[in-house]
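Read off the chains here:
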Amino acid sequence: MTGSRVVALGHYQPAKVLTNDDLAAMVDTSDEWITSRVGIRTRHVGGPDEPVDELAAHAAAKALASAGLQASDIDMVLVATSTAIDRSPSMSARVAARLGMGSPAVMDINVVCSGFTHALATADHAIRAGAATRALVIGADKMGDIVDWTDRSTCVLMGDGAGAAVVAADPGGGDRPGIGPVLWGSVPEMGNAVRIEGTPPRFAQEGQSVYRWATTQLPPIARKVCERAGVTPEDLAAVVLHQANLRIIEPVARKIGAVNAVIARDVVDSGNTSAASIPMALSKLVERGEVESGAPALLFGFGGNLSYAGQVIRCP
């Protein structure tokens, strides 16, 4: 059976940067309070003239250029997002139109913070089944649109951005699949711990519940992801977890046992960008040359719905 691999990556963030000191002028907080609790120093926020599909299209165009492909070479577009306000046209359809594509399959996937790893698995499955040959998989969210900027417990967390991957068929993958088997699931009875609800929609979470769940329940699941891929945690060159909170990322990475891996910490500069966080962080690691081509990287998303999904990929 034909496998698939990530052949190129791209990322994009709005130009406006909001620092902790900027937030301190808006709500009762401080740089010390924010960095000590979540590790975030800055985040990018888009304006009213920068919709989610524009962020996604910029990241996708960068990934296509890196792959040496044209938009017409893509036959599937998957956009993971939870900040699409309109039901139709979907973000994926709007991205396809912005990029001038021909007739790709278009689909949005809303699994909030683990959306990108769910979408990546979906693209891998479609290619393995022969339903697609090249896919654009994008995580894009504009969390600034759904945050209550008067709530200091949540507004300090969020940022806007997009990350994209070009995924292509890999007939010669053999024993080293470019995208390993996914392990995904959820804890439905805890689904209300992370919410985007109401009109207008607003983000809210039970931070301590999410923290305890992530730091205690996720490390063994992540180790099972490695087992399914046929690698040990010590084999990993990079660990790219959902960039929710540095106080979650560091202990979870340590408990996984990836002692030789580069740990993505893009949350420090970008905040929590939901579905965009994993592809953005991975794209930056690859762009900076911090991981070699072909090196194994664990991608693991978690959060909204108390859902999770992870796979080991070979870096482009």
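## Examining the environment of V240
By the secondary structure assignment, V240 is in strand 11 (residues 238–241). With 86 residues separating them along the chain, V240 and T154 place their C-alpha atoms 23 Å apart. Not counting residues up to four positions away in its chain, the partners in contact with V240 are A264, I278, A281, L282, L285, L298, L299 and F300.

## Considerations on helix 4 (residues 91–99)
Taken together, the buried positions of helix 4 are occupied by M91, S92, V95 and A96. The arc that holds every buried residue of helix 4, seen down its axis, measures 140 degrees, which confines them to one face. Lining the buried residues of helix 4 we find helix 3 (52–67), strand 4 (76–80), strand 5 (105–109) and strand 6 (134–142). Once helix 4 finishes, G100 follows within two positions and takes phi at roughly 70 degrees, a positive value.

## Let's talk about the sheet that holds strand 7 (residues 160–170)
In space, the 5 strands of this open sheet follow the order 1-7-6-4-5, with mixed pairing throughout. Of all strands in the sheet, those with a lone pairing partner are strand 1 (3–12) and strand 5, marking the two edges. Between one strand axis and the next, the sheet turns by 20 degrees as a mean value, whatever way the strands run. Pairing of strand 6 with strand 7, which is carried by 9 bridges, proceeds in the antiparallel orientation. When the sheet's bridge partners are listed, D141 is paired in strand 7 with G161. Across the face of the sheet, helix 4 comes into contact with strand 4, strand 5 and strand 6 while running at roughly 135 degrees to strand 5. Lying over the sheet, helix 10 (residues 277–287) contacts strand 1, strand 6 and strand 7, oriented at roughly 90 degrees with respect to strand 1.

## Quick look at the nonpolar core
Core analysis: the biggest nonpolar cluster contains 50 residues, and L236, L241, L298, F300 and F302 have the highest contact counts within it. Residue assignment for this core shows that the elements contributing at least two residues are helix 2 (31–38), helix 7 (207–229), strand 11, helix 8 (246–256), helix 9 (267–270), strand 13 (296–303) and strand 14 (307–314). Ranked by the residues each element gives to this core, the list is headed by helix 7, at 9 residues. With residues near it in sequence (within four places) discarded, L298 still touches A222, V225, L236, A238, V239, V240, I256, Q311 and V312.

## Quick look at the sheet that holds strand 8 (residues 183–186)
Spatially, 5 strands are ordered 8-14-13-11-12 in an open sheet, and the strand pairing comes out mixed. For this open sheet the edge positions go to strand 8 and strand 12 (262–263), each flanked by a neighbour on one side alone. Looking at chain direction, strand 13 and strand 14 are connected through 8 bridges and run antiparallel. Note that in strand 14 the partner of L298 across the bridge is V312. Packing of helix 7 onto the sheet brings it into contact with strand 8, strand 13 and strand 14, and relative to strand 13 it is tilted by some 145 degrees.

## Examining the packing of aromatic side chains
For the coordinates displayed, the defined rule picks out 1 aromatic pair. Plain terms: the ring middles of F300 and Y308 are 6.4 Å apart, the flat faces sit at 10 degrees to each other, and that makes the pair stacked. For Y308, a relative accessible area of 14% puts it in the buried group. The ring centre of W33 lies 4.7 Å from the NZ or CZ of R152, which sits over that ring. Over the face of the ring belonging to Y211 we find R247, whose NZ or CZ atom lies 5.0 Å from the ring centre.

## Quick look at the packing of helix 3 against helix 4
Running from amino to carboxyl end, helix 3 crosses helix 4 at an angle of 55 degrees, the nearest separation of the two axes being 9 Å. What the angle tells us is that helix 3 and helix 4 run oblique. When you trace helix 3 past helix 4, the crossing you get is right-handed. Taking contact as the criterion, the partners of V52, D53, E54, A56, A57, A60, A61 and L64 in helix 3 are, on helix 4, M91, R94, V95, R98 and L99. Considering only residue class, the contact of helix 3 with helix 4 consists of 9 nonpolar, no polar and 4 charged.

How each quantity is defined
- Residues numbered from 1 in each chain as written.
- Predicted model: local features only at pLDDT ≥ 70, side-chain atom pairs only at ≥ 80, totals over all residues.
- Heavy atoms only, no water.
- Helix = DSSP H or I, 4+ residues; strand = E, 2+ residues; numbered from the N terminus.
- Contact = heavy atoms within 4.5 Å.
- Buried < 20%, exposed > 50% of the residue type's maximum accessible area, 1.4 Å probe, protein only.
- Arc of directions from axis to C-beta.
- Pairing = 2+ DSSP bridges.
- Axes fitted to C-alpha atoms, helices over the stretch in contact; angles between N-to-C directions.
- Core = buried A, V, L, I, M, F, W, Y, C linked by side-chain atoms within 4.5 Å.
- Phe/Tyr/Trp six-rings, centres within 6.5 Å; stacked < 30°, edge-to-face > 60°.
- Lys NZ or Arg CZ within 6 Å of the ring centre and 35° of its normal.
- Parallel < 35°, antiparallel > 145°, perpendicular 65-115°, else oblique.
- Left-handed = near helix turned anticlockwise from the far one by under 90°.
- Nonpolar A, V, L, I, M, F, W, Y, C, P; charged D, E, K, R; others polar.

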